[in-house]
Structure formats: C-alpha cells, structure tokens
Amino acid sequence: MSDAFDPVFDPWSAEFVAAPYAAYARLREESPVRWFEPSRQYLVSRHEDVNALLRDRRLGRSYLHVSTHEEMGRTAPPDYQEPFWTLNNNGMLDREPPDHTRLRRLVSQAFTPRRVEALRPVVRRLAEELVDAFVAEGGGDLIAQVAEPLPVTVIAELLGVPEADRHHLRPWSAAICGMYELNPSRETAEAAVRASEEFSQYLRALARRRKDDPRDDLVSALAAVEGLSEDELIGTCVLLLNAGHEATVNVTGNGWRALLRHPDQLRKIKDDPGLLDGAIEELMRFDTPLQMFERWVLEDIEVHGVPIPRGSEVALLFGSANHDPAAFADPESLDVTRRDNPHISFGAGIHYCLGAPLARIELAASFGALLAKAPGLRLEREPVYKPGYVIRGLESLDVSV
Ligand code: HEM
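Residues numbered from 1 in each chain as written. Predicted model: local features only at pLDDT ≥ 70, side-chain atom pairs only at ≥ 80, totals over all residues. Heavy atoms only, no water.

1. What to know about the nonpolar core
Counting 109 residues, the largest nonpolar core has F9, W256, L259, L317 and Y389 as the members making the most contacts within it. Looking at this core element by element, the count peaks at 14 residues for helix 13 (residues 230-261). The next biggest cluster of nonpolar side chains, apart from the first, holds 18 residues, and it includes Y42, V50, L54 and A348. (Core = buried A, V, L, I, M, F, W, Y, C linked by side-chain atoms within 4.5 Å. Buried < 20%, exposed > 50% of the residue type's maximum accessible area, 1.4 Å probe, protein only. Helix = DSSP H or I, 4+ residues; strand = E, 2+ residues; numbered from the N terminus.)

2. Here's the deal with the side chain of E313
Its location among the elements puts E313 in strand 8 (residues 313-317). Buried charge E313 goes without a salt bridge, the closest partner of opposite sign being R74 at 4.7 Å. Within the local environment of E313, its side chain forms a polar contact with the side chain of Q41, the two groups lying 3.1 Å apart. Those residues in contact with E313 that lie beyond four places of it in its chain are R40, Q41, Y42, R74, E294, R295 and W296. (Lys, Arg positive; Asp, Glu negative; His and termini not counted. Salt bridge = Lys/Arg side-chain N within 4 Å of Asp/Glu carboxyl O. Polar contact = N/O pair within 3.5 Å; in protein donor to acceptor, adjacent residues only side chain to side chain. Contact = heavy atoms within 4.5 Å.)

3. Concerning the pattern of salt bridges
Within the structure shown, the criterion is met by 27 salt bridges. The shortest N-O distance in the salt bridge between R120 and E117 comes to 2.6 Å. On the basis of relative accessibility, which here comes to 40%, the residue E117 falls in the partly exposed class. Residues R392 and D287 are paired through a salt bridge, measuring 2.5 Å at the closest nitrogen-oxygen approach. Taken together, the residues span a long stretch of sequence, with R392 in the loop between strand 9 (378-379) and strand 10 (398-400) and D287 in the loop between helix 15 (276-286) and strand 5 (292-297) at a distance of 105 residues.

4. What about the sheet that holds strand 10?
Judged by pairing direction, the sheet is antiparallel, and its three strands sit side by side in the order 4-10-9 without closing on themselves. With partners counted over all chains shown, the strands left at the sheet margins are strand 4 (139-141) and strand 9, one partner each. Pairing between strand 4 and strand 10: three bridges, direction antiparallel. Directly across from G140, in strand 10, lies its bridge partner V399. (Pairing = 2+ DSSP bridges.)

5. Some thoughts on the coordination of the iron atom of the ligand
Under ideal tetrahedral coordination, the four donors around a metal are separated by 109.5 degrees; under ideal octahedral coordination, the six donors are separated by 90 or 180 degrees. What the protein offers the iron atom of the ligand as a donor is a single atom, C353 (SG), at 2.3 Å. Within the fold, C353 resides in the loop between helix 16 (318-321) and helix 17 (356-373). (Donors = N, O, S within 2.8 Å, 3.2 Å for Na, K, Ca; no water.)

6. With respect to the sheet that holds strand 3 (residues 59-60)
Strand order in the open sheet made by the five strands is 1-2-8-5-3, with mixed pairing throughout. The open sheet has two edge strands, strand 1 (33-36) and strand 3, and neither has a second partner. Bridge count between strand 2 (residues 41-44) and strand 8: three bridges; the pairing is parallel. Directly across from V44, in strand 8, lies its bridge partner L316.

7. Description of unusual backbone geometry
Trans peptide bonds make up the majority, and among non-glycine residues the majority have a negative phi. Here P97 and P98 are connected by a cis peptide whose omega angle stands at 5°. With respect to the helices and strands, P98 occurs in the loop between helix 4 (82-89) and helix 5 (99-110). The backbone of N183 sits at a positive phi, close to 45°, despite the residue not being glycine. Turning to its location among the elements, N183 is positioned in the loop between helix 10 (169-177) and helix 11 (186-212).

8. Digging into the pairing of strand 8
Among the five residues of strand 8, five are classified as buried, and the element is accordingly described as predominantly covered. Going residue by residue along strand 8, you find E313, A315 and L317 tucked away on one face and V314 and L316 tucked away on the opposite face as well. Relative to strand 8, strand 5 runs antiparallel, the two being bridged by five bridges. Residue pairing in the sheet places E294 in a bridge with A315 of strand 8.

9. So, the site of the ligand
Within the structure, the ligand sits among 30 residues, and H100, R104, R295, H351 and C353 are positioned closest to it. Here R104 contributes a side-chain N or O atom positioned 2.7 Å from an oxygen atom of the ligand. Among the secondary structure elements, those contributing two or more residues to the shell around the ligand are helix 5, helix 13, strand 5 and helix 17. (Near = heavy atom within 4 Å.)

10. Remarks on helix 3 (residues 47-55)
For an α-helix the count is 3.6 residues per turn, leaving residues at separations of three or four pointing the same way. Residues H47, D49, V50, L53 and L54 constitute the buried set of helix 3. Looking at the packing, one finds that the buried side of helix 3 touches strand 2, strand 3, strand 5, strand 6 (301-303), strand 8 and helix 16.

11. Side note on the environment of M72
Mapping M72 onto the fold places it in the loop between strand 3 and helix 4. Judged by its relative accessible area of 6%, M72 falls in the buried class. For the pair M72 and R310, spaced 238 residues apart in sequence, the C-alpha to C-alpha distance is 7.4 Å.

12. Side note on the packing of helix 13 against helix 17
Direction vectors running N to C along helix 13 and helix 17 enclose 35°, while the axes themselves pass 10 Å from each other. Helix 17 is crossed by helix 13, and the crossing has right-handed handedness. Here G244, T248, V251, T252, G255, W256 and L259 of helix 13 lie close against helix 17, whose contacting residues are A359, E362, L363, S366, F367, L370 and L371. When grouped by side-chain class, the residues that make up the contact of helix 13 with helix 17 number eight nonpolar, five polar and one charged. (Axes fitted to C-alpha atoms, helices over the stretch in contact; angles between N-to-C directions. Left-handed = near helix turned anticlockwise from the far one by under 90°. Nonpolar A, V, L, I, M, F, W, Y, C, P; charged D, E, K, R; others polar.)

13. With respect to the pairing of strand 1
As paired elements, strand 1 and strand 2 share four bridges and run antiparallel to each other. Considered in strand 2, the bridge of F36 is made with Q41.

Quick look at the structure:
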C-alpha cells in the first residue's frame, strides 16, 4: 500500500473536513482497507464492508469484556481520565454482550416507543415556536437559534431536567464529546474529565430526588427500573444527551446547507411536503453527520485480503459508505426523491441507534416548520465547518428569511 493518500485523507485539516467525499472516492477505489499511521487505525471505506463489520461479532466497541488493556497490546488511559472513562463505560454504547444486551433491554423499558411517540406534538410545537421567533427576527444563525435548542430542549424535557439547570447541558455535552475526536489533546481530555465529574454529580442528585419523588419523566422511569445501577443510570442519561443532540444539530445544519445549495431539490420538497421524510433520509446520507465510528478487532480477521490482527482498531468511514456507488445510484447527487437509500447514518447491528425514531420526529418537525414558515430562506454567507471530523457540523448557518 502506498502512502499517497495521507495528504488527502487528513481528518485534522479544515479542507478535508469541509469536503471529504473526493478523498473517500479514491480510498474506496484504490485502497478499501488501508492502514492509517497518524491514528494507527485501518480505514474501511466501502459500504458493503462498513455494513458487514458493524454486524460482525469478532469486532466490538470495547474489548474490556474479553481482555485487559495489556492483553490487547494497548495501554490503559492515564489515571486522571478515570471520571470520563467511568461515565463513558457505564452507558450501553461502549459495552458489549452480555452487558450491552442487558442494558439496552433495561433502558428500552423506560425509553419506550410510546414515550417517544407521545413527544411528537411537543416537539412539533417547540419547533414552531423556535421558527416563529427566528422568522420574527428576520433570520440569523439557524444553528444557534433553531437547530441546537430543539433537540437539547427535547432531551431535557424527556429526561426531566428542570429548566433552570438546562443551560449546563450543552457545555457539558460538548466538553465530553471532545473525547470522541481522533487523538484528543490533553486540554480536551481535562475539560472532558471536569464535565464528566460535574455532570455525574448533577445527575446523581437528580436521580435520587426522582427516586424518592417520581415524576412522569425518563429519569424517574429509569430510577424505577429493577437491575439498573445508579452509575448505569447516569451513564445512560449522559449518553442520551450526547448521542441525542449533537448529530441532530448537525443533520439540521448540514442538511439546510445542502438544500440551499441545491434550490431545485428544495423546490421539490416545497411543492410536495409528502417528500419530506424521504428527503431527511437523503440529507442524512448526503452530508453524513457522524463521519466515522471505530471498532476493536477481537479476533484476527481479513478484509479484502488485508489481514487485520486482534488488538487493532478499525475506523469505519460512514461518510464514505454513504457515497459508495456500489450502494447508491449517482451518490454525489442530492436527490430528495431517492427511494432506495440504505444509508448507514444510524449504524447497524447491535448498537443501531436507539434514538432513531426520536431523531426522525425532531428532524421532521424542524425542517417542516422552516419550510412552512420561512419559505424564502437564503444563505447570507458561506458557512464554515467546525474542526471536528468525527462529529461533523457547521459552526453557524447565517440565513435571512
Ligand atoms: C440524526 C441523529 C442521530 C444520528 C445520526 C445517530 C447515530 C447513531 C449511530 C451511528 C449509533 C451507533 C454507533 C455505533 O455503532 O458505533 C448510535 C447509537 C445510539 N444513539 Fe443515536 N443518532 C442520532 C440521534 C439519537 C437520538 C435523538 C438519541 C436519543 C435520544 C440517540 C441515542 C443513541 C443511543 C442510546 C445509542 C447507543 C445504542 C447502543 O449502543 O445500543 N441517538 N446513534
């Protein structure tokens, strides 16, 4: 394998983050499984492989259920990061069976389809209020004024976080999510540790209050679930907040950017609102909000003739899989009428997004409200992507109505 790709696949460069899809095309064609020294991972870029590896039990989001760090040939994280890792490892996302199965089942007892469906009118009303205020101001930053407040408020309502405390949620979440980027700095790690401590402390107190005096909210419901420890409850709430809003914000921002750059596609949804649900799936495919997920290799495997030994890490390139011509007709075109759309943005296999139905409700509400109430939305300046590659989204989206 040559190193010719290194300058092209460069997740730390602003140019690559702004437009990664051409580099992915080269990876898929020339080197679908490729060792990437800077992050010491195997990059996997084809849809078929990403989809298969997400479902392959010889890989895991964690290896701690089968081995120690040393046995896996890795080093344990430094002691000072312990509060972050404890919190992280108490959520279901970084657990593997049988723990993952138990946790997902227990959390699903409280985070039920009925509870989620009951939120639909609440979410719609909230989206309409946010959009009304946005229109009254003549527009502004769509991310700060609509995209962010909606999912954060929804998850806060769902969990039962009192209004007066909600302003903490996004800073805590942003600090913690910094750890999910490639090779986080010491400063990022320290901020994540502080946020993990504060957020855990906050949730522990809230869960105890709700246990003694339950309300109709998810923290109370989780506190009543038999077999879920307090630490697991806290890990679950943090996961729901983090997983539950960062990506939704970025689908909204990336999605509107894409629509404003493709007025013919925007026109089609305006003319036929029945296309909206399919259009949202297409926007999630076209500019993928979570570009990469990692897996540990628990047994030696081989992909396209490349042996990948136990203890390695693979980086599954969701953005690339979503643009693979082997899975999508004309993948570089935005097509809101696309029918056959097996995008991988919600993952696959046992960790498939638990919040996908809620995310779809939120996105339908905010895109729907904006289309109805701000039909003349116009880009005021070219938006810039935030530096993050894994969780990829716009800094701001300045538009006029
Ligand atoms: C458009 C928005 C969203 C996207 C693109 C998204 C994407 C994903 C993906 C790709 C995974 C799997 C990660 C992996 O396999 O390594 C995942 C897992 C998860 N997501 Fe989402 N998500 C979104 C919204 C939400 C929402 C709104 C919630 C909850 C309120 C949520 C909760 C979760 C949880 C709990 C998991 C872990 C599931 C498990 O480990 O079994 N997500 N999400």
